[in-house]
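# Observations on chain architecture
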Amino acid sequence: MTRRAVLLVLAAFLLIGTAGQAQAAGYRYWSFWDRDGGKWVYATQGPSMARPSDGDVQGFRFAVSENSGDAAQPRGTADFASICAKTPAEEGSKRVALVLDFGTAPDAPSGETPPAPRTACAQLSPDATTADALAAVAGPLRYNTNALLCAIAGYPKSGCGEQVSQKEDSSVSAAPKATEDEGDDGPSIGLYAGIAVVAALAAAATWQSRRRRNASR
């Protein structure tokens, strides 16, 4: 097999690997954020562990994201004074402003429509957690067996942090639905094409090598 043929075969294998990796677009889940001045910062603790202080602003966003680095941030007003303007301070309690962004239609599970984003002001005991704040103003909440927050205000009705393929995500947004014989878990067309390319290149390289051996005899 010539050096050029070897390089072509390796390139084809790399294309197959890239096609396989492109299938995973991320996970559909509620991300949790803290407001730091004029920007959102991804929370370092879960809502059941975080204990916000009086005057804090926290946000939740439902979306499909690969990881915390590309997670979609909450939209809308994030000012404590405006969110908690109608909730007067009380001695022995704290106020926490919450921004709840239920996401967009492309990120919604099949058959569900995201509610409009909203804000809420929770008045709680000083030692209350963010989970307590959510329960006070945005129930019902739903958690899985690993204490992962699955639903806020009953949305979504089912599912919890499930993986969403790129194919599924794009079909929700704009692309036509796959036909019945195109299973979501099956190999992509690109994968089959890559295998065919590798087979063809290998066969061509073998034929060329044999031809040169025969010519040299």
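## Re the layout of surface pockets
The calculated volume of the second largest pocket comes to roughly 210 Å³. Lining the second largest pocket we find 15 residues, and of these Trp-30, Phe-32, Gly-46, Pro-47 and Leu-148 sit closest to its centre. Sorting elements by how many residues they give to the lining of the second largest pocket places strand β1 (residues 24–36) first, with 4 residues. Residues that form the lining of the second largest pocket fall into these classes: 11 nonpolar, 4 polar and no charged.

## Considerations on the packing of aromatic side chains
Tallied over the entire structure, the rule returns 6 aromatic pairs. Ring centres 5.4 Å apart and planes at 55 degrees place the aromatic pair Trp-30 and Phe-62 in the tilted group. Pair noted here: Trp-30 is in strand β1 and Phe-62 is in strand β3 (residues 57–65), with a separation of 32 residues, a long-range link. For the pair formed by Trp-30 and Phe-62, the shared burial category is buried. Aromatic side chains Trp-30 and Phe-102 sit 5.4 Å apart centroid to centroid with 80 degrees between the ring planes, which places their arrangement in the edge-to-face category. In this pair, Trp-30 sits in strand β1 while Phe-102 sits in the loop between β4 (94–101) and β5 (118–124), placing the two residues 72 residues apart along the sequence. Phe-102 carries the same exposure label as Trp-30, and that label is buried. Here the aromatic residues Trp-30, Phe-62, Phe-102 and Tyr-155 are joined through ring pairs into a cluster of three or more.

## What to know about unusual backbone geometry
The step from Gly-139 to Pro-140 runs through a cis peptide bond, and the omega angle for that step is 0 degrees. Cis rather than trans, the peptide bond between Tyr-155 and Pro-156 has omega equal to -5 degrees. Counting through the fold element by element, Pro-156 comes out in the loop between β7 (149–151) and β8 (163–165). Look at Ala-147: it is not a glycine, yet its phi comes out positive at around 65 degrees. Summarising the element assignment, Ala-147 is placed in the loop between β6 (142–143) and β7. At Ala-153, a position not held by glycine, the phi torsion is positive, near 55 degrees. Position of Ala-153 among the secondary structure elements: in the loop between β7 and β8. Here Ala-153 falls in the partly exposed class, since its relative accessible area comes to 28%.

## Re the state of the cysteines
Scanning the entire structure with this criterion turns up 2 disulfides. Cys-84 shares a disulfide with Cys-121; S-S distance 2.0 Å. Taking the torsion about the S-S bond as the criterion, the Cys-84 to Cys-121 disulfide, at about 100 degrees, is right-handed. With a gap of 37 residues between them, Cys-84 in the loop between α2 (80–83) and β4 and Cys-121 in strand β5 connect regions that are remote in the sequence. For Cys-84, a relative accessible area of 2% corresponds to the buried category. One disulfide in the model links Cys-150 with Cys-160; its S-S distance is 2.0 Å. As the torsion about the S-S bond is roughly -75 degrees, the Cys-150-Cys-160 disulfide counts as left-handed. Here Cys-150, found in strand β7, pairs with Cys-160, found in the loop between β7 and β8; they are 10 residues apart in sequence, far enough to count as distant. Accessibility expressed as a relative area gives 25% for Cys-160, which makes it partly exposed.

The rules behind the values
Residues numbered from 1 in each chain as written. Predicted model: local features only at pLDDT ≥ 70, side-chain atom pairs only at ≥ 80, totals over all residues. Heavy atoms only, no water. 1 Å grid on protein atoms, 1.4 Å probe; cavity = no way out; pocket = protein on both sides within 12 Å on 5 of 7 lines; lining within 4 Å. Points joined across faces, edges and corners; volume = space filled by probe spheres on them. Helix = DSSP H or I, 4+ residues; strand = E, 2+ residues; numbered from the N terminus. Nonpolar A, V, L, I, M, F, W, Y, C, P; charged D, E, K, R; others polar. Phe/Tyr/Trp six-rings, centres within 6.5 Å; stacked < 30°, edge-to-face > 60°. Buried < 20%, exposed > 50% of the residue type's maximum accessible area, 1.4 Å probe, protein only. Disulfide = S-S within 2.5 Å.

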